[in-house]
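# Observations on the model geometry
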Amino acid sequence: MTVRTVMALVLLCALTACGGPGGDRTVTVLGSWTGAERDAFVEMLREFERDTGIDVRYSGTRDARAVLASELHDGHPPDTAVLANPGDLRAYAADGHLRPVGSASRGLTAELTAATGPDGVRRPYGIVLKASVKSLVWYNPDTLPGGLAERLNDPSLTWDEFATAVSGTADTPWCLGLEDTSQSGWPGTDWIEDLLLHLSGPEVYDAWVSGRLAWTAPEVRRAWEEFGTVVRGAHDGNGGVLLTGYGEAGGWMFADPPGCRFDHAGSFIPAFYAQAAQRPRPGTDFDFVPFPGRGTVEIGGDLLGMFRDTPAARALVEYLTSAEAQRTWVERAGSGAYSLNREIPPEDYPGDVSRRIAALLAGARTVRFDASDSMPSVMAAAFNHAVLEYAADPAAERLDAILAALDKVRRTTEFDA
């Protein structure tokens, strides 16, 4: 933490009762992080607690979403909470549960956490604690023809050129797994989102995410059709991808002979590759190229919202956006976590692969949040289900009915303005 930030926080808490009634200098945080993620977050908080004298009480549970809903219903919410996605943030903001974070959310993170409050005003209602980069295509260098990786890394390459080059490497070039217990389908939504964003641009993407663009629109349909081509060229075929876990599919790249050559997955996937029997090494046994259409990146991320506006809570939110705090995630970039704080250069990340992903994010002209995470929960659930239905049989005649059904959900769902 910088000297200026420390002095500001110490002064703030000297002049106010940090934490609320009785001068209790505490702030509560509810989140879903357990294990190593919890340990990283607690380490991030140590300097803040030492410099401000504020005690941060973190409660971690995999049922954080349900716990938060229950506590809000009972009228006793935590001071702050880690939210599952921007869709939840917008819903809580619209209902008046969240408090605006003001200057704590700056630049890019302010754009990504903007929501409309009950007063009809749009402003930042959260911060992005850490991000995962999604617009990546992974491969095993040992299985590709000479020079292909360099060609796929060409910034001018179009999706059509990219797809043609990939299809020429094998009968089943794509690794694909859509299974993830109750959330199955989301790896397919990531595919469709990247395709729509990179083929049609951010304006079309934004209109679709906000419910202003029909699912039956030509741009959306083309993204689904391209995804259908991927499914037909996947290692496990139409039906098999429904039963293959998203973290297992890429393991076929390291088989002898390889079952597939390319895996569209986010920055978190190296942690799954490390579990393969071959123990592949980043940069040597696997590497990545950006999704074709350089300068545009889709991300996922963990957001923090403020449910009680206390001086201690506001000081914590301010601190968590600082470069000093964000470096805790950077030091653990092997887990796929990246910072949106522009003060952290790519050189601070451990390992060449992590540095290049960080550079891709830092140099992006356009950054957009995962679309299904940004949509209302009803729309997102329908999207997941539709992906599974289409992947089972990606035929053109089925797609018409699937998109029409999704558009019916869109027309009956309230989206954030």
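Refer to the preceding data block for the structure.
Residues numbered from 1 in each chain as written. Predicted model: local features only at pLDDT ≥ 70, side-chain atom pairs only at ≥ 80, totals over all residues. Heavy atoms only, no water.

Turning our attention to the overall build of the protein. In terms of regular secondary structure, the protein is built from 18 helices and 12 strands. Over its C-alpha trace the protein gives a radius of gyration of 22 Å, about what one expects of a compact globule, namely 22 Å for 417 residues. Its C-alpha atoms give the protein principal-axis dimensions of about 70 × 50 × 35 Å. Looking at the protein residue by residue over its 417 residues, the buried ones come to 55%. With the model as given, the accessible surface of the protein reaches about 17,300 Å², and the carbon-plus-sulfur share is 51%. (Helix = DSSP H or I, 4+ residues; strand = E, 2+ residues; numbered from the N terminus. Rg over C-alpha atoms; globule rule 2.2 N^0.38 Å. Buried < 20%, exposed > 50% of the residue type's maximum accessible area, 1.4 Å probe, protein only. Areas by Shrake-Rupley, 256 points an atom, 1.4 Å probe, with all protein chains shown as cover.)

Between its first and last C-alpha atoms helix α18 (residues 396–411) spans 23 Å; for 16 residues at 1.5 Å apiece the expected length is 22 Å, and the two agree. Looking only at α18, the buried set comprises Leu399, Ile402, Leu403, Leu406, Asp407 and Arg410. Along α18, the residues classed as buried sweep out an arc of 135° about the axis, all on the same side. In α18, the exposed positions that point more than 90 degrees away from the buried face belong to Glu397, Ala401, Lys408 and Arg411. Of the surrounding secondary structure, the elements contacted by the buried residues of α18 are α10 (218–232) and α17 (377–392). (Expected span 1.5 Å × (residues − 1). Arc of directions from axis to C-beta. Contact = heavy atoms within 4.5 Å.)

What follows covers the packing of aromatic side chains. Under the counting rule described, the total for this entry stands at 29 aromatic pairs. Consider the rings of Trp186 and Phe268, whose centres lie 6.1 Å apart with planes at 65°: the pair is edge-to-face. Remark: Phe268 occurs in the loop between β9 (262–264) and α12 (270–273) and Trp186 occurs in helix α8 (residues 186–200); sequence separation between them is 82 residues. Pair check on accessibility: Trp186 and Phe268 agree, each one buried. With a centroid separation of 5.6 Å and 70° between ring planes, the pair formed by Trp224 and Tyr390 is classed as edge-to-face. With a gap of 166 residues between them, Trp224 in helix α10 and Tyr390 in helix α17 connect regions that are remote in the sequence. Note on accessibility: Trp224 and Tyr390 belong to one class, buried. Above the face of the Trp329 ring, Lys130 is positioned so that its terminal group lies 4.4 Å from the ring centre. (Phe/Tyr/Trp six-rings, centres within 6.5 Å; stacked < 30°, edge-to-face > 60°. Lys NZ or Arg CZ within 6 Å of the ring centre and 35° of its normal.)

Right, let's get into the pattern of salt bridges. One pass over the full model with this rule turns up 23 salt bridges. Measuring nitrogen to oxygen at the nearest pair gives 3.7 Å for the salt bridge that ties Glu226 to Arg222. Of this pair, Glu226 and Arg222 both sit in helix α10, 4 residues apart, which is roughly one turn of the helix. On the accessibility criterion, Arg222 (31% relative accessible area) is partly exposed. Shared partners join several salt bridges into a network, and the residues in it are Glu37, Lys130 and Asp302. (Salt bridge = Lys/Arg side-chain N within 4 Å of Asp/Glu carboxyl O.)

For soluble globular proteins, nonpolar side chains are generally found buried alongside one another. Grouped together as the largest cluster of nonpolar side chains are 52 residues, with contacts concentrated most on Trp208 and Trp224. Of all the secondary-structure elements, those providing two or more residues to this core are β7 (136–139), α6 (148–152), α7 (159–167), α8, α9 (202–209), α10, α17 and α18. Broken down by element, this core gets its largest block of residues, 7 residues, from α17. In contact with Trp208, other than residues within four places in its own chain, are Glu193, Leu196, Leu213, Trp215, Val220, Ala371, Met375 and Phe383. (Core = buried A, V, L, I, M, F, W, Y, C linked by side-chain atoms within 4.5 Å.)

The 4 strands are arranged β8-β9-β7-β10 in an open sheet whose pairing can be described as mixed. Either end of the sheet is taken by a strand with one partner, and the two such strands are β8 (174–175) and β10 (287–290). As paired elements, β7 and β10 share 4 bridges and run antiparallel to each other. Note that in β10 the partner of Leu136 across the bridge is Pro290. Along the sheet, helix α15 (residues 352–362) contacts β7 and β10; its crossing angle with β10, the most-contacted strand, is approximately 10°. (Pairing = 2+ DSSP bridges. Axes fitted to C-alpha atoms, helices over the stretch in contact; angles between N-to-C directions.)

The next point concerns the state of the cysteines. With the rule as written, the count across this model stands at 1 disulfide. Sulfur-sulfur distance for the disulfide between Cys175 and Cys260 comes to 2.0 Å. Looking along the S-S bond of the Cys175-Cys260 disulfide, the torsion reads about 100°, which is the right-handed sense. Placement of the pair is Cys175 in strand β8 and Cys260 in the loop between α11 (237–240) and β9, with a sequence separation of 85 residues. Using a relative accessible area of 1% as the deciding quantity, one classes Cys260 as buried. (Disulfide = S-S within 2.5 Å.)

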